[in-house]
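# Tertiary structure, described
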Amino acid sequence: MSKKLIVEADGGSRGNPGPAGFGALVKDALTGKVLAEVAESIGHATNNVAEYRGLIAGLGAAASLSPQASVEVRMDSKLVVEQMSGRWKIKHPDMIPLAQEAREVAKGLGSVRYTWIPRAQNSYADRLANEAMDAAAKGLPWSRRIQEPEPDQEPEPEPGPSPETSAAWSGATATPTTTLLLRHGQTPLSDEKRFAGIGDFPLTETGLAQAKAAARVLGDRGIDVIVSSPLSRCRDTAAEIAAVTGAEIRVEDGFRETDFGDWEGHTFAEAQERWPAEMEAWLADPSVAPPAGESFTDVSRRVGTALDKLMVRYRHQTVLVVTHVTPIKMLVRRALEAPPLALYRMHLDVSSLSVIDWYDDGPAVLRSLNDTHHLD
């Protein structure tokens, strides 16, 4: 008999759009015990985007607890409930990919049904969402992830003291989901230190050699699956590791590089000379986008969604993510709970490797950053 869970979720913004956040919890349907909480400030967004982000996070937490559970989602958002139930058409372009993402995460569960409840009955999730919005209003990164062991499962064995598995002082004891974050090899634009975003630039001969070097050291890392950005410089890098490990490659659009808009192909100095005001604003505020481009706040949102999917699909596995500078920085910032401007204080070489352990019962642990020893 499948386990029965209840997901309560909420989200909102101060200003619509404005500083936004979401909150969600998972409860045992029989006992009412809260098994998991998840909440996060998500920068500048609308109420509806925040509500959908809360739904996605709640479904992901439920799938992590009990993959074949029967879930009832309770929300005070009539829009989300009716759209996810299929009774209302989704018209707004920002909502379509979020609804698709929620349906994708729901595939990790036995069944999901949606119920509208009055706001007064959704006070727990509302409180979590408001804590997240308070942090967003202050421009602070904030998240909460608490998960109890599933009641009908035996607890997982604790890892030994080896530095390869210990969470050190984090307090975490469960087996982590490990992400090996590999930046793609050299391209013509990276060699000249030019903005290279969503343009599909190929690897150079040096870049291909770097990918092969990375494959040699990653062959014995116990990689279960490879997740790659859709851009060819990442897919070609991933193919070299797959040839050595035999791991499947799954393409994930959420891990593509930032769209740098009009700055694409320019050096930093060229962009600063041509767009001085825009560059100054971009360096001061991650919510500001390059002309005709994408802000780091928006990138953070889609990378966070991609990570949520990864955590559901490959829980407690070792995943190689072949991606770009910005997504790796976003994941490192999230793991460290660092402020948004920390993005400008990190350096990542081509073909560098960074490693993060994500624990169900504790904070994430950054194990290495910008490791290039395989290129020596």
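Please refer to the structure placed before this passage.
Rules and cut-offs
Residues numbered from 1 in each chain as written. Predicted model: local features only at pLDDT ≥ 70, side-chain atom pairs only at ≥ 80, totals over all residues. Heavy atoms only, no water. Core = buried A, V, L, I, M, F, W, Y, C linked by side-chain atoms within 4.5 Å. Buried < 20%, exposed > 50% of the residue type's maximum accessible area, 1.4 Å probe, protein only. Helix = DSSP H or I, 4+ residues; strand = E, 2+ residues; numbered from the N terminus. Contact = heavy atoms within 4.5 Å. Pairing = 2+ DSSP bridges. Phe/Tyr/Trp six-rings, centres within 6.5 Å; stacked < 30°, edge-to-face > 60°. Axes fitted to C-alpha atoms, helices over the stretch in contact; angles between N-to-C directions.

## Section: the nonpolar core
Note on soluble globular proteins: their nonpolar side chains tend to be buried together. Of all hydrophobic cores here, the largest spans 39 residues; its most connected members are Val26, Tyr52, Leu55, Leu59, Val71, Val73 and Met84. Counting residues per element, the ones that place at least two in this core are strand E1 (4-13), strand E2 (18-28), strand E3 (34-45), helix H1 (47-65), strand E4 (70-75), helix H2 (78-84) and helix H3 (95-106). It is H1 that provides the largest number of residues to this core, a total of eleven residues. What Leu59 contacts, discounting residues up to four positions off in sequence, is Val7, Val73, Ala102, Val105, Ala106, Leu109, Val112 and Tyr114. The next biggest cluster of nonpolar side chains, apart from the first, holds 34 residues, and it includes Trp282, Phe296, Val303 and Leu310.

## A closer look at the pairing of E2
Along a regular strand, successive side chains alternate from one face of the sheet to the other. Taking burial as the measure, the eleven residues of E2 include ten buried ones, the bulk of the element. Taking the residues between adjacent antiparallel strands as the criterion, E1 and E2 are bridged by four residues, where Gly15 takes a positive phi near 125 degrees. As judged from the nine bridges shared by E2 and E3, these two strands associate in the antiparallel manner. Residue pairing for E3: Ala24 is matched across the bridge by Val38. From the end of E2 to the start of E3, which pair antiparallel, there are five residues, and Gly32 there has a positive phi angle of about 80 degrees.

## Let's talk about the packing of aromatic side chains
Across all of its chains, the model carries seven aromatic pairs by this definition. A ring pair is formed by Phe195 and Trp282, whose centres lie 6.1 Å apart and whose planes are at 75 degrees; its orientation type is edge-to-face. Of the two residues, Phe195 sits in the loop between helix H5 (188-191) and helix H6 (205-218) while Trp282 sits in helix H9 (residues 276-284), which places them 87 residues apart along the sequence. Taking the relative accessible area as the measure of exposure, Phe195 reaches 10% and is therefore buried.

## Topic: the sheet that holds strand E12 (residues 365-371)
Spatially, E9-E8-E10-E7-E11-E12 is the arrangement adopted by the six strands of the open sheet, whose pairing is mixed. This sheet does not close on itself; its edge strands, each paired only once, are strand E9 (248-251) and E12. In this sheet, adjacent strand axes meet at a mean angle of 20 degrees when their direction is disregarded. Note: strand E7 (residues 177-183) against strand E10 (residues 318-323), six bridges, orientation parallel.

Shape is all these values report; function is a separate question.
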